[in-house]
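Survey of secondary and tertiary structure
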Amino acid sequence: MIRLRDIHFRYNSRYVLSGLNFAVNPGDRIALLGPNGSGKTTLSHIIMGLLAPEAGEVEIFGKLRRTEPDFQDIRGRIGFLFQDADDQLFCPTVLEDVAFGPLNLGKSSEEAKRIVRDTLAALKLDGFEERITYQLSGGEKRLVSLATVLAMAPEILILDEPTSGLDEATTERLAEILNESALSYILISHDLDFVRKTTNKAVTMRDLNSNGTAREPIHSRVA
Amino acid sequence: MHIEEFALGDSWVHRLDPRVKIVATFVFAVVVALNQSLIASAVALIFPVALIAASGVSLKKVFLRLAVVNAFILFLWVFIPFTYPGKVVWSIGPLEVHREGLLLCLLMTLKSNAIILTVIALLGTSRVFSLVHALSHMGVPDKLVHLFFFCFRYIHVIHEEYHRLLTAMKVRGFKQRTDLHTYRTYAYLVGILLVRSFDRSRRIVAAMKCRGFRGRFYILHHHEMKGGDYMLGATSVLFSIVLLVAP
């Protein structure tokens with residue numbers, strides 16, 4: 001589904017990704033592990049076309065993706081859950097926020113409202129439609145963010161630290177939701193317990209970067 | 001922060017079509033602002049006062065808002081009666097109070113209060129997002145509408161961030177004083193807020209793009225004009241005409 005070949009990416013003079021290779025196949029539930037600053041989020045942003053690599057190929061759903069329109073095609077099919085729910089939820093009510101994606105995909109407002117109802121019901125968030133997004137609790141914000149992503153019926157998910165700041169009960173619920181879904185996903189997380197419960201593969205950023213030398217500055221920084 | 005503190009009720013004023021409210025407020029405000037007659041300005045107060053009474057919003061909160069506006073108007077009362085040329089009605093030593101100055105102050109006070117009360121009664125009783133919808137339905141340029149909307153949505157988040165930073169500063173022993181250290185600290189605080197807001201705005205755009213955003217907002221609810229909306233529209237226009245013609 002996703003194939004990255006020989007990706008190079010740097011911030012100023014510091015290479016975060018150097019010769020990275022990465023693939024996601026149907027059924028994969030991959031945990032992406034690595035210390036802070038090792039390029040996990042960068043990698044996920046390259047997949048979504050939010051960052052452009054200096055060199056290398058990004059192939060998604062069987063096609064090479066280079067330009068903004070190439071990536072616009074895939075954004076409905078890959079659901080991206082951001083680290084901070086306040087970045088994701090920007091509409092005043094839950095209804096409008098969850099409907100935002102489906103409306104962008106060209107659904108009518110009737111269809112969009114039906115999708116919102118079904119998605120919220122599937123996440124046991126019935127009755128949240130008229131709640132004000134910025135007044136939700138941290139856990140509710142996370143689940144509603146997930147609803148906004150699932151409402152687009154993605155084929156694959158990218159979850160960036162979905163458990164950060166969540167209490168045990170909400171973390172547990174998130175694990176259940178993921179396990180019950182049939183989706184493939186890439187999970188970026190430092191929560192090893194959560195990773196064990198929800199993934200069937202794990203890779204480290206060290207594994208993915210073939211060239212070890214360019215990574216040195218990061219390691220010395222972390223140490 | 002309660003930006004929408006008047007919007008939470010459920011009276012017929014709250015339920016009016018926001019498009020009508022915006023037009024009515026605009027027409028009324030322009031007429032009141034142009035008007036030069038004291039009596040007409042006093043009569044103009046009837047319109048917002050009646051609406052506020054009908055909306056059932058907390059009078060205490062309304063007075064608190066008015067107090068803020070009138071604090072500025074107080075400055076006019078301090079200066080204009082003494083400096084505006086006209087008939088002297090009272091003198092204290094070298095200072096002379098002029099009749100025309102007093103009347104001008106009174107006129108400005110009546111006008112400002114009438115306009116502010118109308119804004120509270122009509123715009124304040126709508127949710128910001130429905131006003132945003134109304135503006136985009138009325139053909140206001142998208143960029144302006146988006147700017148207005150995002151300011152509203154993220155003021156709350158930035159305000160929270162500001163309080164978190166301030167708390168963190170206090171926990172480390174920061175006290176406000178009149179010295180360079182305090183000024184510098186506040187400058188840093190404002191600086192980091194700007195930087196963080198900028199970063200956040202970039203993350204928001206990224207998150208929106210990931211959900212298929214291509215520069216266009218689609219609207220879920222559409223406004224519908226009902227009997228009451230036509231009534232309010234007609235009343236406000238009629239009342240404005242009366243104010244214009246009567247004096």
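For every chain, the first residue of the written sequence is number 1, and numbering continues from 1 onward in sequence order. Chain letters and ligand numbers both follow the written order, the letters beginning at A and the numbers at 1. Where totals are concerned, whole chains, interfaces and linings use all residues; where local detail is concerned, this predicted model gives features only for residues with pLDDT of at least 70, and gives and counts side-chain atom pairs only at 80 or more.

A few words now on the interface of chain A and chain B. Throughout, a pair of residues is in contact if the C-beta atoms placed from their backbones lie within 7 Å. On the side of chain B, 17 residues touch chain A, which itself brings 25 residues to the contact. Each helix is a run of H or I in the DSSP string that is no shorter than four residues. Each strand is a run of E no shorter than two, and both are numbered from the N terminus. Where the side of chain A that touches chain B is concerned, the elements lending two or more residues are α2 (68-75), α3 (85-88), α4 (94-104) and α5 (109-122) of chain A. With six residues, the top contributor of residues to the side of chain A that touches chain B is α4 of chain A. Think of it as three bins: nonpolar holds Ala, Val, Leu, Ile, Met, Phe, Trp, Tyr, Cys and Pro, charged holds Asp, Glu, Lys and Arg, and polar takes everything else, Gly as well. Class assignment of the residues belonging to the side of chain A that touches chain B gives a composition of 13 nonpolar, seven polar and five charged.

What counts as a domain boundary in this text is fixed by an automatic or database domain assignment. Domain parsing of chain B yields domain 1 (12-126 + 224-245) and domain 2 (134-210). Here the C-alpha centre of domain 2 of chain B lies 32 Å away from the C-alpha centre of domain 1 of chain B.

Next up on the list: helix α2 (residues 18-34) of chain B. Residue and element names in this part refer to chain B. The span you would expect from a helix comes to 1.5 Å times its residue count less one. With 17 residues, α2 extends 24 Å from end C-alpha to end C-alpha; this agrees with the ideal 24 Å at 1.5 Å per step. The burial criterion counts other C-beta atoms lying within 10 Å of a residue's C-beta, which is placed from the backbone; the residue is buried at 20 or more, exposed at 12 or fewer, and partly exposed between these limits. For α2, the full list of buried residues reads Pro18, Val20, Lys21, Ala24, Phe28, Val31 and Val32. Buried residues of α2 fall within an arc of 160° about the axis and therefore sit on the same side. Along α2, exposed side chains directed more than 90 degrees from the buried face belong to Val30, Ala33 and Leu34. Residues of α2 that are buried make contact with α3 (38-44), α4 (46-55), α6 (99-123), α7 (128-137) and α10 (227-245). Throughout, the arc means the angular range of directions from the helix axis out to the C-beta atoms.

Our next topic: the sheet that holds strand β4 (residues 55-60) of chain A. All names here are of chain A. With antiparallel pairing, four strands are arranged side by side in an open sheet as β2-β1-β4-β5. Two strands bound the open sheet, and with one partner strand each, they are β2 (14-24) and β5 (63-64). Bridge analysis of strand β1 (residues 2-11) against β4 gives five bridges, and the strand direction is antiparallel. The residue of β4 that forms the bridge with Ile2 is Ile60. Only C-alpha atoms enter the line fits that serve as axes; for helices the fit covers just the stretch in contact. Angles between N-to-C directions range over 0 to 180 degrees. The strands that helix α1 (residues 40-48) touches are β1, β2 and β4; relative to β2, the one it contacts most, it runs at about 60°. Two strands are said to pair when DSSP picks up at least two bridges between them.

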